[in-house]
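Overview (structure and organization)
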Amino acid sequence: MGGGIAQVLAGFGGYQVTVRDLTQEILDVTRETVVESKWGVKRAAEKGKLGFDQATRTIELVSYTLELGDLAGCDLIIEAVPEKLELKQTLFAELDDLARAETIFASNTSGLVITEIAERVSEARKGRFLGMHFSNPVPVMRMCEVITTPEVDADVVDQVVEVAEKAGRAVCMVKDQPGTYGFILNRVFAAAYREAKKIVDDGLATEEDVDKAMITGRNWPAAFFGNRGGIGKQW
Ligand SMILES: NC(=O)c1ccc[n+]([C@@H]2O[C@H](COP(=O)([O-])OP(=O)(O)OC[C@H]3O[C@@H](n4cnc5c(N)ncnc54)[C@H](O)[C@@H]3O)[C@@H](O)[C@H]2O)c1
């Protein structure tokens, strides 16, 4: 996700982006994803979706680092580490110490509660902390849910919406809610999935027919059981 987010922020938004990860090997794979993969910059240029200059500029705008300290000067830090609350809390506490007071923090969590992720940052930072949930693969799926908490400042929300829109995202606003998992996209999808699975478990229809119904009857590009792709890395 991190690579895809970097790609659209640089490619459409024109922002300078620094990707930070834990090993050089992982950074090399992320760079490969941004530049060479199915949804990468080169292929977009070959298909005429991105001009040659824009493609070159996108590649130049994304840099890669192993040093957390290299994020100190960022205006916005978007976290996309694995979906573990403790890991995200620890990382944001570290970032809170090194980032500038004005820096905005955002989590790309699929569904963890934003106020819980923000639990270990300063009270001031909680006013500059929200969710930015992108959909995978980011260069293809235009959605960005902006998740607001009761603490976040209105001007921070405005700035983040502007960044997401400049990066070509369709912004969907949603409030954080303790006790739930997911925002709009994943809650609605999970509810539909529960029904689809119940229909199959009750022996009323096969997985193939449930998928076929949603793909041909609602024009979904993919449905629940892996027929024609599905969410995740298999796209
Ligand atoms: N994959 C999806 O379809 C999808 C969609 C929307 C949101 N998300 C959310 O995005 C986040 C990342 O998901 P993903 O699928 O990209 O996971 P992933 O496991 O593919 O990537 C996570 C990356 O974080 C790195 N990482 C781990 N600890 C780190 C640290 N302390 N500092 C910096 N980097 C660190 C890992 O090395 C890895 O490269 C999760 O919260 C997930 O729920 C995923």
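Residues numbered from 1 in each chain as written. Predicted model: local features only at pLDDT ≥ 70, side-chain atom pairs only at ≥ 80, totals over all residues.

What the protein contains, in helices and strands, is 10 helices and 7 strands. Computed over C-alpha atoms, the radius of gyration of the protein comes to 19 Å, within 12% of the 18 Å expected from 2.2 N^0.38 for 235 residues, which places it in the range of a compact globule. Along the three orthogonal principal directions, the C-alpha set of the protein runs to about 55 × 45 × 30 Å. Put simply, of all contacts in the protein between residues at least 6 apart along the chain, 63% involve residues at least 24 apart. (Helix = DSSP H or I, 4+ residues; strand = E, 2+ residues; numbered from the N terminus. Rg over C-alpha atoms; globule rule 2.2 N^0.38 Å. Contact = placed C-beta atoms within 7 Å.)

This brings us to unusual backbone geometry. Residue proline 137 follows asparagine 136 across a cis peptide bond; omega there is -5°. With respect to the helices and strands, the residue proline 137 is situated in the loop between β5 (129-134) and β6 (143-148). Backbone geometry places asparagine 219, a non-glycine residue, at a positive phi of 60°. Along the chain, asparagine 219 turns up in the segment after α10 (207-217).

Right, let's get into the packing of helix α1 (residues 2-11) against helix α2 (residues 24-35). For the pair α1 and α2, interaxial distance at closest approach is 9 Å and the crossing angle is 45°. Taken together, the axes of α1 and α2 are oblique relative to one another. Crossing geometry of α1 relative to α2 is assigned as right-handed. Here Gly2, Gly3, Ala6 and Gln7 of α1 come into contact with α2, specifically with Thr30, Thr33 and Val34. In terms of residue class, the contact of α1 with α2 is made up of 2 nonpolar, 5 polar and no charged. (Axes fitted to C-alpha atoms, helices over the stretch in contact; angles between N-to-C directions. Parallel < 35°, antiparallel > 145°, perpendicular 65-115°, else oblique. Left-handed = near helix turned anticlockwise from the far one by under 90°. Nonpolar A, V, L, I, M, F, W, Y, C, P; charged D, E, K, R; others polar.)

With respect to the helices and strands, glutamate 162 occurs in helix α8 (residues 154-166). Note: C-alpha distance between glutamate 162 and lysine 197 (35 residues apart in sequence) is 38 Å.

Turning our eyes to something else, we now look at the site of the ligand. Near the ligand there are 19 residues, and of these Met1, Val81, Glu83, Ser110 and Asn136 occur at the shortest range. Considered class by class, the residues forming the shell around the ligand number 9 nonpolar, 7 polar and 3 charged. (Near = placed C-beta within 6 Å.)

Residues Ile5, Ala6, Leu130, Met132 and Val160 are the most contacted members of the largest nonpolar core, which totals 39 residues. Within the residue set of this core, elements represented by two or more residues are α1, β1 (17-20), α5 (85-98), β4 (104-107), α6 (114-117), β5, β6 and α8. The biggest single contributor to this core is α1, with 5 residues. Those residues in contact with leucine 130 that sit more than four places away from it in its chain are Ala106, Ile114, Val146, Ile147, Thr148, Thr149, Val152, Val156, Val157 and Val160. (Core = buried A, V, L, I, M, F, W, Y, C linked by C-beta atoms within 7 Å. Buried ≥ 20, exposed ≤ 12 C-beta atoms within 10 Å, placed from the backbone.)

Within the open sheet, the 5 strands sit side by side as β3-β4-β5-β6-β7. Their pairing is mixed. Either end of the sheet is taken by a strand with one partner, and the two such strands are β3 (76-79) and β7 (170-175). Across the sheet, the axes of successive neighbouring strands diverge by a mean angle of 30°, strand direction being ignored. Of the pairings in the sheet, the one linking β6 to β7 comprises 6 bridges and is parallel in character. When the sheet's bridge partners are listed, cysteine 144 is paired in β7 with valine 171. (Pairing = 2+ DSSP bridges.)

Here lysine 38 is to be found in the loop between α2 and α3 (41-46). Taking the C-alpha atoms as reference, lysine 38 lies 9.9 Å from proline 137; in sequence the two are 99 residues apart.

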